[in-house]
Every structure is written in C-alpha cells, then in structure tokens.
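Results of the structural survey
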Amino acid sequence: MKPRRIAWGVEFLSHAIAVAAVAFALYPVLWVVSLALNPAGTPAPRAAPWPEVLSLVNFRAVVSSSNSAGEWLFGRQLLNSVLVSSATAAVSVLIATPAAYALARFRFVGERTAMKALLATQMFPGVATAVPLYVMLDTLKLLDTRAGLVLVYATTALPFALFQLRGAFEAIPRDLEEAAMVDGATRWQAFVLVVLPAARPAIAVTCLFAFMAAWNEFILAATFLSRESAFTLPVALQRYVGEYDAAWGRFAAGAILVSVPVMAIFYAVQRHLVGGLTAGSVKG
Amino acid sequence: MAAVTLRALRKTLGENAILRGIDLHLNDGEFVVLVGPSGCGKSTLLRTLAGLEEPDSGQVLLGDRDVTLRPPRDRDVAMVFQSYALYPHLTVRENLAFGLRLRKTPEAEIARRVARVAEMLSIASLLDRLPKDMSGGQRQRVAMGRAIAREPSVFLFDEPLSNLDAALRAQVRVEIKKVHQTLKTTMIYVTHDQVEAMTLADRLVVLSAGTVEQEGPPLEVYRRPASMFVASFLGSPAMNFVAATVAPDLARVTAEGLSLGFDAARFRGKVSAGQSVMVGVRPHDVSRRPDGGLRFTVDVVEPMGFEAYAHGRVGETPFVMRLDGHDALPAPGDQLSAAADVDSVHIFDPVTRKALG
Ligand SMILES: Nc1ncnc2c1ncn2[C@@H]1O[C@H](COP(=O)(O)OP(=O)(O)OP(=O)(O)O)[C@@H](O)[C@H]1O
Ligand SMILES: [Mg+2]
C-alpha cells in the first residue's frame, strides 16, 4: 500500500506544479482579455484578472477605426498585414526551397562559404540594419509600401527558411529520389514528385514561421511606415498607447484581434507539424 | 530483356578506388548473384549499372546499346533498394504505378499491370495503404512489385532481404526465384547471404576489393574455389587452412598432425615434391575415421542438433570439423582421428593465395 500512496503523492504534486505554472503563464493573457472587455479602457488596480463590466466597445472601436477621410483604416491595415506576411512567407519559401535542396544534395564550389555567409546574417539582429535599409528603401522609393516591407522581411526570413529546409531535405533519404530516377524520373521530376511531397511538413512549418515573424514584426515596420494607411496591424496597435493618452482597452482588443489569426493557422496546420511524412518509406 | 556487358569498369569515390576494372557479361535472362565482403563495391557496381553513378572509365552495355553516359531513366532497368525506398506519400497502388505514369503508360495498362503484380506478390489487399502502415515484409514486397510492374529489361536487387527476419527471408527468397522463372528477365542480385547466393544464382560472381575474384555456377565456385579468398568466403563455417608440404609421392600433403591424400590428377604438374602449400579442407568434408590422416585436438564443441561443430587444432593450426549430431560428442581435450576425401582437399599457393589446381 505504501508505495502506492507515495506514487499518488508524487502525481498530485506534479499536477499541482503544472497547474501553478499554467496559471502563471495565463495570468497576463487573462489580463489582456479582461482589459479588452473592460469599457473603462484603463487597467484597474486589481489583482483579479476579470473585468467588472463586460462589453465589446473596445473591439468595435478597433475594428471600425477609420481616418479623417472616412477610409476604413482597420480593414486596410489588416489587408496590409495579410499581404505582407503572406508575400514574405511565399517569397522566402519559394526561393529557399530549391536553394536548400541544392545545398543539401549537391557539392559545388562556394557551398561552404555560402552556408557560412548565411549563418553570419542570422547572427545580426535585424534592427541593426534599420538605418541602411531605410536609406536603400528611400532610394528605391519603397518606403511606406508593402513591397518594401516584404523585401526587408524576406531578407531575414530567407536564411532561416534555408536552414530549416536544408535540414529537412538532408533528412530525406537519397534512395527515394534515386528510386524515382531509376523509375524514369528526371532529377527535376524526382524533386517535384517525391522530395517535395516528403518535405511538405517542413515546408508548411517554415511557411508558418516566416508568416508569423512578418505578422508580428514591429520595429522595422514602424521605422519604414509613416502613412497610417500603409501600417501593418502591430504598428497600428502601438498607436493606441501613444504619448498623450493610452487606450489600453483598445490596445488589448487589438492585440487579441492580431493574435487570433495566428492561433487559427496554428490549429489548421498542426496536423502537418506532428510526425514527418517520410515515415514508412525505408526499412521498418 | 537484355544481356548486360560491363567492360573495364572503374570508379573512384573520393580517394578510394572502388571498382578497379570490372569485366562481366550477363546473358539475357540470367540470374547473377554478386557476393563479396562489405565495402568491396557491390552497391557501387549496381548503382553504376543503374546510372546513379558515372564510371571514371569503362563501358556499360545493355543489349548492344552503350548506356555508359545515359541517365537512369534511359536504361530500362529497375532497382530494388535495400532500404526499399518506397514513396512515403503514395499508396501502394501509386507506388506500383509511379514508373508507368512517368512513362505515360495508358491507364488501362497501368491498372492491368498493378493488378497482375499485386496478385503475383499477394499484396492485393494492401493496394490502398501507405508505406508507413505496413510491416517490413509487406514493404519489401511492394518494393519488388514496383520493379516488376515496370517490366524492365534488367532487375537490380541490392540486398533486398537483409532487413527481414529469417523465416520471411526464406519465403521471399523462394518468391524471387519464382518471379525469375515466370519473367525470365536478367537479374543481378547483391547479397551477403550464402544461402541466397547458392540457391538463387545461375551464376555466382565473387567480388573482392573492386575486382572480380571468381565467377561461375554456384556449385562450381563452391567446389573449386579459385583462391583462398573465395574458399573462405563461401561456406560456413569457413574452410580450414593448414600450411603443409607436398610429399615426394606427389599424392599427399603433410604437416604436423596432418597427412592427406589429394587428387593427383587434378594437381599433376602444378605442385612439386617438397613444395610449401596451403591445404584447404571444409569442416563438412572432414569425418571421424580411425587411422585417418588428421590428428585433431578438441577445444570447444558447438552442438546444433542434427550436427555439431568441433573447434580445435591440427598441430598448432586452428581447425573446425563437423560432427554428426547423433554420435557421442567429444569432450574438450579429446584427440580425434579424422579423414577427408581426396576430392575435398584443396591446395593453394601460400604467396599468391590462388588455387593450384
Ligand atoms: N561517397 C563516397 N566517397 C568515398 N567513398 C565511398 C563513398 N561511397 C561509398 N564509398 C566507399 O566505397 C566502398 C564500396 O562501397 P559499396 O557501397 O559499393 O560497398 P558494398 O560492397 O555494397 O558494401 P556493403 O556490403 O556493406 O553494402 C566502401 O568502402 C565505401 O566506404
Ligand atoms: Mg551495399
């Protein structure tokens, strides 16, 4: 009996610790939710993370925000965010996929140097290049444009995607594409028909990361964008807690609105994240 | 269907010369088994044949077509990989159809061939499964089926059974033989397994360090190994070798604890009296006999049921002999008297290590 009871005690303790950890992690999130639902719009000096009055005015205010010309700003900014993030993901993954395959499979002059150079770019904080990037975008007349932002984001997303995908391609057995080639495929067909499908989970994850990085990025966007109608959502959000008044309620509501799509995407693709697709192709 | 000819094939990978001048001709429809120790270049040879490696020099001919520089898809060979290499995202049906689709085979023909192969290998019930949902043996069949469905002119097998357990191996081995009897297509089969080599091959090719050491019908290679390498590679436990001297009568070899008659006709003119040689005798060819020419000291006995192996020494040389499992087994330290038939006594040159007769 005794060991049983000890086992039960250990079980109880570990659950208690887990619950405490979850509460600690969730507390600030609950606060944000509470703020968003609180029509007063200021953080009440209370410990309990739930509001006294429930209301959606903050959400309504954020979603319906428009400028003096009557343009629907929120819609415009949401569109900016979606387009910039999708384009960043698309551009970086489209370029990184063939490049990563080449780096994973072929030996060529400059291969090592290329990898090292890419690695070096990863060690730089993106912000460090903000000033030169600003100058370049200005020269190219790309400040305040989505294209400019996509270009900037892609330069950081691309090396990351490359590393991710190179690892993924290296994990795919060479036998697979060789089998395809013996079966009658050209190298390109083997890549498209066999390697790409096998790498699909990794590509999905890489896309998602690139998308999220762009979706959440604030500093560079705030540096390169000055027109309200060109803002992405994080920049727009920040304007709610300006120098003179801090609309915390709207800020919180906006924060929730910004994170919901990311969560939704995560749910949608999590099936891909679990378990590689190469399972079963080789041995037992 | 096609004959295969390899001419003076050489291949270096990195610093290593892997294939060092391979000449080989396979007749149309022949089943050739390649054996050799790990790293001797068997896979490299198959890959060169498939077009996955380009040789440094030499030629590969399929039929009378020189395909040395052609990519794999132009060769009409099918390969079964040791790892099976099934396409993970495709069902069994699509795996089987993959090569046919690439060659723009009409749908009806694809369906017909898939059905035929599925029936031939008893995988009809698996057609809609993904590779990950199958056992090792089932995957192996699918890998074979994928090759068969293509109806290629040459099959290449790279140790296709090495990931299967013993029982399954025996079963699939028979199936492969059946497939060959049905299709009568040229097959090249790489294996480590002696039983596969002996039972499947029309012709056995023993490779050693990138060269062909010996080739011929399996029994002939087994009975008349051309070198000590081949002799020790085929047969298990391996052949015993004892350093000995040719007796003046040119019909016996002698050493400490050993005096064996050999086939004088076979070695006539090839050995001389007093010559130092290596004598080879297989454990299975030695039997206990009073007054036999072998004086054998037992160290360890391994009973296997129907037979037993005694490990010990003849003179100072380690030696293994087979014992009948029904007889009373000797104890460590016992001295046995044994003999071997003149046919089963092989004589090798101790320097070149080649057979003398
Ligand atoms: N890319 C490479 N660079 C250098 N050496 C290589 C390369 N690939 C293989 N080798 C070497 O080539 C030799 C032959 O390899 P191969 O795979 O043909 O051997 P094998 O006879 O099939 O062996 P096994 O029975 O173990 O499969 C090995 O010694 C291996 O180390
Ligand atoms: Mg091999």
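Before any of the text, the structure's been laid out above.
Here goes a summary of the coordinates provided.

Analysis parameters
Residues numbered from 1 in each chain as written. Chains lettered and ligands numbered in written order. Predicted model: local features only at pLDDT ≥ 70, side-chain atom pairs only at ≥ 80, totals over all residues. Heavy atoms only, no water. Axes fitted to C-alpha atoms, helices over the stretch in contact; angles between N-to-C directions. Helix = DSSP H or I, 4+ residues; strand = E, 2+ residues; numbered from the N terminus. Parallel < 35°, antiparallel > 145°, perpendicular 65-115°, else oblique. Left-handed = near helix turned anticlockwise from the far one by under 90°. Contact = heavy atoms within 4.5 Å. Nonpolar A, V, L, I, M, F, W, Y, C, P; charged D, E, K, R; others polar. Polar contact = N/O pair within 3.5 Å; in protein donor to acceptor, adjacent residues only side chain to side chain. Buried area = accessible area lost by both parts, 1.4 Å probe. Salt bridge = Lys/Arg side-chain N within 4 Å of Asp/Glu carboxyl O. Pairing = 2+ DSSP bridges. Buried < 20%, exposed > 50% of the residue type's maximum accessible area, 1.4 Å probe, protein only. Near = heavy atom within 4 Å. Areas by Shrake-Rupley, 256 points an atom, 1.4 Å probe, with all protein chains shown as cover. 1 Å grid on protein atoms, 1.4 Å probe; cavity = no way out; pocket = protein on both sides within 12 Å on 5 of 7 lines; lining within 4 Å. Points joined across faces, edges and corners; volume = space filled by probe spheres on them. Phe/Tyr/Trp six-rings, centres within 6.5 Å; stacked < 30°, edge-to-face > 60°.

1. Topic: the packing of helix H2 (residues 92–102) of chain B against helix H4 (residues 136–149) of chain B
Residue and element names in this part refer to chain B. In contact at an axis separation of 8 Å, H2 and H4 are set at 30° when each is read in the N-to-C sense. Viewed along their axes, H2 and H4 adopt a mutual orientation that is roughly parallel. Viewed along their axes, H2 and H4 form a crossing whose handedness is right-handed. Contacts from Val92, Asn95, Leu96 and Leu100 in H2 reach Val142, Gly145, Arg146 and Ala149 in H4. Class assignment for the residues of the contact of H2 with H4 results in five nonpolar, two polar and one charged.

2. Overview of the side chain of Thr297(B)
All names here are of chain B. Relative to the helices and strands, threonine 297 resides in strand S16 (residues 294–303). A polar contact of 3.4 Å, which involves the side chain of threonine 297, links it to the side chain of glutamine 335. If near-sequence neighbours (up to four positions away) are discounted, threonine 297 is found in contact with His311, Gly312, Arg313, Gly333, Asp334 and Gln335.

3. Details of the interface of chain B and chain A
Across the boundary between the two partners, chain B contributes 26 residues, which contact 24 residues of chain A. At the boundary of chain B with chain A, total buried surface from both sides reaches about 2,200 Å², with 63% on carbon and sulfur atoms. Looking at the side of chain B facing chain A, the largest losses of area belong to Pro88(B), His89(B) and Leu102(B), adding up to 24% of the total buried there. Linking Asp183(A) and Arg146(B) is a salt bridge whose minimum nitrogen-to-oxygen distance equals 3.8 Å. Where chain B packs against chain A, one counts nine residue pairs in polar contact (both at pLDDT 80 or more).

4. Points about the sheet that holds strand S7 (residues 154–158) of chain B
Residue and element names in this part refer to chain B. The strand order S6-S7-S8-S3-S9-S10 describes an open sheet built from six strands, whose pairing is mixed. This sheet does not close on itself; its edge strands, each paired only once, are strand S6 (77–80) and strand S10 (211–216). The sheet shows a mean angle of 20° between the axes of neighbouring strands, taken without regard to direction. Sheet topology places strand S9 (residues 203–208) next to S10; five bridges connect them, and they run antiparallel. Across the sheet, residue serine 208 finds its bridge partner in S10, namely threonine 211. Set on the sheet, helix H1 (residues 42–50) makes contact with strand S3 (31–35), S6, S7, strand S8 (186–190) and S9; between it and S7 the angle comes to about 150°.

5. Remarks on the environment of Ile95(A)
All names here are of chain A. Summarising the element assignment, isoleucine 95 is placed in helix H3 (residues 73–105). Looking at isoleucine 95, the relative accessible area reads 47%, which means it is partly exposed. For the pair isoleucine 95 and alanine 154, spaced 59 residues apart in sequence, the C-alpha separation works out to 9.7 Å.

6. Some details on the site of ligand 1
Residues and elements named next belong to chain B. Residues in contact with ligand 1, as listed here, are Leu13, Asn16, Ile18, Ser38, Gly39, Cys40, Gly41, Lys42, Ser43, Thr44, Glu159 and His192. Within the side chain of histidine 192, one N or O atom sits 3.3 Å away from an oxygen atom of ligand 1. When ligand 1 sits alone it has 640 Å² of accessible area, and the protein chains cover 59% of it. Broken down by element, the shell around ligand 1 gets its largest block of residues, three residues, from H1. A per-class count over the shell around ligand 1 returns three nonpolar, seven polar and two charged.

7. Quick word on empty space enclosed by the protein
The full count for this structure, using the stated rule, is one cavity of 30 Å³ or more. Considered as a void within the structure, the largest cavity measures approximately 40 Å³ in volume. Taken together, Ala179(A), Val182(A), Asp183(A), Met79(B), Phe81(B), Arg146(B) and Ala147(B) make up the lining of the largest cavity. Counting only elements with at least two residues in the lining of the largest cavity, the list comes to helix H7 (174–182) of chain A together with H4 of chain B.

8. A short note on the packing of aromatic side chains
Residue and element names in this part refer to chain A. Going through the model one piece at a time under the given rule, you end up with 19 aromatic pairs over all chains. Each ring, one from tyrosine 101 and one from phenylalanine 106, has its centre 6.0 Å from the other, and the planes form 85°; the classification is edge-to-face. Taking the centre distance of 4.5 Å and the plane angle of 40° together, the rings of tyrosine 101 and phenylalanine 191 count as tilted. You can see tyrosine 101 sitting in helix H3 and its partner phenylalanine 191 sitting in helix H8 (residues 187–198), a full 90 residues away along the chain. Judged on exposure class, the residue tyrosine 101 and its partner phenylalanine 191 are both buried. Ring pairs connect the aromatic residues Tyr101, Phe106, Phe169, Trp188 and Phe191, which therefore count as one cluster.

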